[in-house]
Amino acid sequence: MTAPDETMRAVEAVLFAADAPMTVADLRAYVGEEADLPAALAALATDYAGRGIELVERGGRWHFQTASDLANFLRRDREDSRKLSRAGIETLAIIAYHEPVTRAEIESIRGVQISKGTLDVLMEAGWIRPAGRREVPGRPLLFATTPEFLTHFGLSSRRDLPGIDDLRAAGLLDPVDLAFDAAQSDAEAVETADEDD
Amino acid sequence: MTAPDETMRAVEAVLFAADAPMTVADLRAYVGEEADLPAALAALATDYAGRGIELVERGGRWHFQTASDLANFLRRDREDSRKLSRAGIETLAIIAYHEPVTRAEIESIRGVQISKGTLDVLMEAGWIRPAGRREVPGRPLLFATTPEFLTHFGLSSRRDLPGIDDLRAAGLLDPVDLAFDAAQSDAEAVETADEDD
Amino acid sequence: MSDAAATLTIDIDGWEGPLDLLLALARTQKVDLRALSILQLVDQYLAYVNQARELKLEVAADYLVMAAWLAYLKSALLLPRDPEVEPSPEELALRLQLRLERLNAMREAGARLIARDRMGRDVFPRGAPEGLKTVRKSRWQAEIYDLIAAYGQISARTRPVMHVVAVRPVMTLDDAIARVSELVGERVDWSTIESFLPADAHGLYRKSALASSFVAALELARQGRVELRQKSPFAPLYLKGAQA
């Protein structure tokens, strides 16, 4: 751990004092226009690696947090107040992996209507937000995840969603109709191949 | 800065997440009975010396705080562009046309009382200043415009302000009468046209 | 088959809809969903729903709709293929399997997501941040036009209002009576009222003179000093001095 330069010290202090994660632009308003913030952030992240506190980036916003392996020291008398229902977890996962997505699309994947409360709970937690409308008849509202979602679940970006690459490669994020057409043409291809033998 | 041991990491995380300074006894409840807390605290204090964050002890309680020399980074000035209220612009106009003028005179011209806030805003904007007192009973304060006022409104002197006749010509005075006269001359024009037929 | 169903607790309320129940039943087959036996799944589902009804549990309508649809699918899969029927039962079965795969994928993704190190449960932000201060400075804006217009309005609002009626060219009734009575005395024959107007009267003054002269003629006729004649409405109006 090298002796920090003035920019590093300033960034360290500002992020430490901040009560919410900050983007580089947010930081710049405090630390100054000239400072090389990306370099300072990278150097700080290295300094703090392996300590009890870590500097992390979530969706372009930086914050300090305790190291996850120390949870056992900190969990004392803290209970998980945000216990999500199964419907809530599935709905959140569908939004996160498919965003932006309409309510009807969520319902079609789950095979059941979403009760009004489910989206409200996710919205109240600050994890999802309305994200415009789909330009089809009825102009249904779209939902997407928020930066707070990334912060809460410790994701640098949506690309960090567990298994998202595999799911995409397997076509499991495609709608059933699309997957059905793909399966049909695969089957035809196999049939044709069989006939060729 | 040495690689921290587990006790140091735990103390670091606990103090970071704590919402108030902690005694060694407080810390022990989280970190464990066996831990050598004084050693860990001393090592941490050394680690953080000279950084943007410091570990400090006050009356037997430990906490992290931002380095005091960085306080200037923790605040920033933000300039909001704000539009002057109607009362503000009217008051400013009266001062500009009648300066130096007392508050009572402004009120008498406006026909409405002015709140103290209105003059404060104009003062904050740098457009008016106190300009002595009128030597009458009560010695009321006089107000006048400033050079910044002229600069902001693109005037080289107060004489550049249009006079009452200019205002009338520009349709800015007594708009009701002007509208009436305009309607009258239109009507005459129509009559004349009829006679020409 | 009912063994598989029996491994699941009979509690219809515990399922998030028929697809959820189907997925749970499918998992009891312990195969990859792509190798799922749809026929077996249909039997599992129907057995489960029947069991629930035997136990007199209330079964929601959508579970029964799914049961009816699955019964149809099963018969279509077993009976000789009718090429006219679109979509084919195999296509319907494939679609069901694709839906189950997708729901399963999201269920597993949700479980992995929720098991991550979460803020406020596994990792913690600073407990008592000092907070950052933003010192707001207002930069007041106003335009010169606003300033001038405001002064104009104050002036309009508070200055004593003085109304001046513009001087208009008119012939008063007194002037007209004097003029008509003088002129009518000089004439012997019937003359149009217009001939009593000043020769140089134009525009508004002429209109005013005509109106005043007409009223003057009526007044003089009332006094018995002139006679009036008009052949029809809007026809020319003639005046003549009264016979003495």
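Residues numbered from 1 in each chain as written. Chains lettered and ligands numbered in written order. Predicted model: local features only at pLDDT ≥ 70, side-chain atom pairs only at ≥ 80, totals over all residues. Heavy atoms only, no water.

Draft legend 1. A look at the overall build of chain C. Counting its regular elements, chain C contains eight helices and four strands. Secondary structure elements of chain C, listed N to C terminal, follow the sequence α-α-α-α-α-β-α-α-β-α-β-β. Taking all 244 residues of chain C together, the buried fraction comes to 41%. Restricting the contact set of chain C to residue pairs at least 6 apart, pairs at least 24 apart contribute 56%. When the accessible surface of chain C is split by element, carbon and sulfur atoms take 55% of a total near 14100 Å². (Helix = DSSP H or I, 4+ residues; strand = E, 2+ residues; numbered from the N terminus. Buried < 20%, exposed > 50% of the residue type's maximum accessible area, 1.4 Å probe, protein only. Contact = heavy atoms within 4.5 Å. Areas by Shrake-Rupley, 256 points an atom, 1.4 Å probe, with all protein chains shown as cover.)

Draft legend 2. Highlighting the overall build of chain A. The helix and strand tally for chain A stands at ten helices and six strands. In chain A, buried positions account for 47% of the 197 residues. Partitioning the contacts of chain A with sequence separation of at least 6, the portion at a separation of at least 24 is 48%. Summing over all exposed atoms, chain A offers an accessible surface of approximately 9600 Å²; the carbon and sulfur share of this is 51%.

Draft legend 3. Representation of the interface of chain C and chain B in the model. Taken together, the 39 residues of chain C in the interface contact 51 residues of chain B. Summed over both partners, the interface of chain C with chain B comes to about 4200 Å²; 58% of that surface belongs to carbon and sulfur atoms. It is Trp140(C), Leu147(C) and Tyr151(C) in chain C that bury the most area against chain B; as a group they hold 20% of the surface buried on that side. On the surface where chain C and chain B come into contact, there are one salt bridge. Here Lys83(B) and Asp146(C) are joined by a salt bridge, their closest N and O atoms 3.7 Å apart. Joining chain C to chain B, the criterion identifies ten residue pairs in polar contact (both at pLDDT 80 or more). Within the residue set of the side of chain C that touches chain B, elements represented by two or more residues are strand E1 (133-141), helix H6 (144-158) and helix H8 (203-222) of chain C. If one sorts the elements of the side of chain C that touches chain B by residue count, H6(C) sits on top with 15 residues. Residue composition of the side of chain C that touches chain B, grouped by class: 17 nonpolar, ten polar and twelve charged. The pairing of strand E3 (residues 75-83) of chain B with E1(C) spans nine bridges and is classified as parallel. Residue Lys83(B) lies in a different strand from E1(C), and its bridge partner there is Gln141(C). (Buried area = accessible area lost by both parts, 1.4 Å probe. Salt bridge = Lys/Arg side-chain N within 4 Å of Asp/Glu carboxyl O. Polar contact = N/O pair within 3.5 Å; in protein donor to acceptor, adjacent residues only side chain to side chain. Nonpolar A, V, L, I, M, F, W, Y, C, P; charged D, E, K, R; others polar. Pairing = 2+ DSSP bridges.)

Draft legend 4. Main features of the packing of helix H7 (residues 173-186) of chain C against H8(C). All names here are of chain C. Interhelical geometry of H7 versus H8 gives an angle of 65° and a closest axis separation of 8 Å. For the pair H7 and H8, the sense of crossing is right-handed. Here H7 contributes Leu 173, Ala 176, Ile 177, Val 180 and Ser 181 to the contact with H8, which in turn contributes Ser 212, Ser 213, Val 215, Ala 216, Glu 219 and Leu 220. Partitioning the contact of H7 with H8 into residue classes produces seven nonpolar, three polar and one charged. (Axes fitted to C-alpha atoms, helices over the stretch in contact; angles between N-to-C directions. Left-handed = near helix turned anticlockwise from the far one by under 90°.)

Draft legend 5. Main features of the sheet that holds strand E2 (residues 53-58) of chain A. Residues and elements named next belong to chain A. The strand order across the open sheet built from three strands is E1-E3-E2, with neighbouring strands paired in antiparallel fashion. Sheet topology places strand E1 (22-23) and E2 at the edges, where each strand pairs with a single neighbour. The sheet contact formed by E1 and strand E3 (residues 61-66) spans two bridges and is antiparallel. Bridge pairing in E3 places Thr 23 opposite Arg 61.

Draft legend 6. Main features of the pattern of salt bridges. The full count for this structure, using the stated rule, is 35 salt bridges over all chains. One salt bridge in this structure joins Asp43(C) and Lys74(C), with 2.8 Å as the shortest N-O distance. In this pair, Asp43(C) sits in helix H3 (residues 38-54) while Lys74(C) sits in helix H4 (residues 61-78), placing the two residues 31 residues apart along the sequence. The class of Asp43(C) is buried, set by a relative accessible area of 18%. Overlapping salt bridges, with partners in common, bring together Arg86(A), Glu90(A), Arg110(A), Glu16(C), Asp20(C) and Arg107(C) in one network.

Draft legend 7. Local environment of helix H5 (residues 103-110) of chain B. Within H5(B) the residues assigned to the buried category are Ile106(B), Glu107(B) and Arg110(B). Taken end-on, H5(B) shows its buried residues confined to a sector of 95°, consistent with a single buried face. Turned more than 90 degrees off the buried face of H5(B), the exposed positions are Ala104(B) and Ser108(B). The inward-facing, buried residues of H5(B) abut helix H4 (86-98) and strand E4 (101-102) of chain B together with H6 of chain C. (Arc of directions from axis to C-beta.)

Draft legend 8. Examining the confidence of the model for chain C more closely. Residues and elements named next belong to chain C. Predicted confidence across chain C gives a mean pLDDT of 84, with 91% of residues reaching 70 or more. Ranking the helices and strands of chain C by mean pLDDT puts helix H5 (residues 89-114) first, with 93, and helix H1 (residues 2-6) last, with 47. Here residues 1-6 is a poorly scored stretch, pLDDT under 50, and it has nine contacts once near neighbours within four places are set aside; other chains count. Reported confidences for the modelled complex are a pTM of 0.65 and an ipTM of 0.69. (pLDDT = per-residue confidence, 0-100.)

Draft legend 9. Geometry of the confidence of the model for chain A. Put simply, chain A has an average pLDDT of 89, and 92% of its residues get 70 or more. Mean pLDDT values over the elements of chain A span from 76, in helix H10 (residues 176-196) of chain A, up to 96, in E3(A).

Draft legend 10. Representation of the packing of aromatic side chains within the structure. All told, the structure shown has eleven aromatic pairs over all chains when counted by the stated rule. Ring centres of Phe16(A) and Phe16(B) lie 5.9 Å apart, and the angle between their planes is 50°; this geometry places the pair in the tilted category. One end of the pair, Phe16(A), is in helix H1 (residues 6-17); the other, Phe16(B), is in helix H1 (residues 6-17), on a second chain. There is no split in this pair, since Phe16(A) and Phe16(B) are both buried. (Phe/Tyr/Trp six-rings, centres within 6.5 Å; stacked < 30°, edge-to-face > 60°.)

Draft legend 11. Structural view of the interface of chain A and chain C. Listed by partner, the interface residues are 57 residues for chain A and 40 residues for chain C. Of all residues in chain A, Arg86(A), Phe153(A) and Phe180(A) bury the most surface against chain C, accounting for 14% of the area lost on that side. For the pair chain A and chain C, the number of links is four salt bridges. For the salt bridge of Asp177(A) with Arg95(C), the shortest nitrogen-to-oxygen distance reads 2.6 Å. Where chain A touches chain C, the interface holds 16 residue pairs in polar contact (both at pLDDT 80 or more). Looking at the side of chain A that touches chain C, the elements with two or more residues in it are H1, E3, helix H4 (71-74), helix H5 (86-98), helix H6 (103-110), helix H8 (147-152) and H10 of chain A. The dominant element in the side of chain A that touches chain C, judged by the number of residues it contributes, is H5(A), at nine residues.

Draft legend 12. Geometry of the nonpolar core. Val11(A), Val14(A), Leu15(A), Phe64(A), Val11(B) and Leu15(B) are the most contacted members of the largest nonpolar core, which totals 55 residues. Leave out the neighbours within four places in its chain, and Leu15(B) touches Met22(B), Leu27(B), Leu41(B), Leu55(B), Trp62(B) and Phe64(B). One finds Val101(A), Leu122(A), Ile128(A) and Met106(C) within the second-largest nonpolar core, a separate group that totals 31 residues. (Core = buried A, V, L, I, M, F, W, Y, C linked by side-chain atoms within 4.5 Å.)

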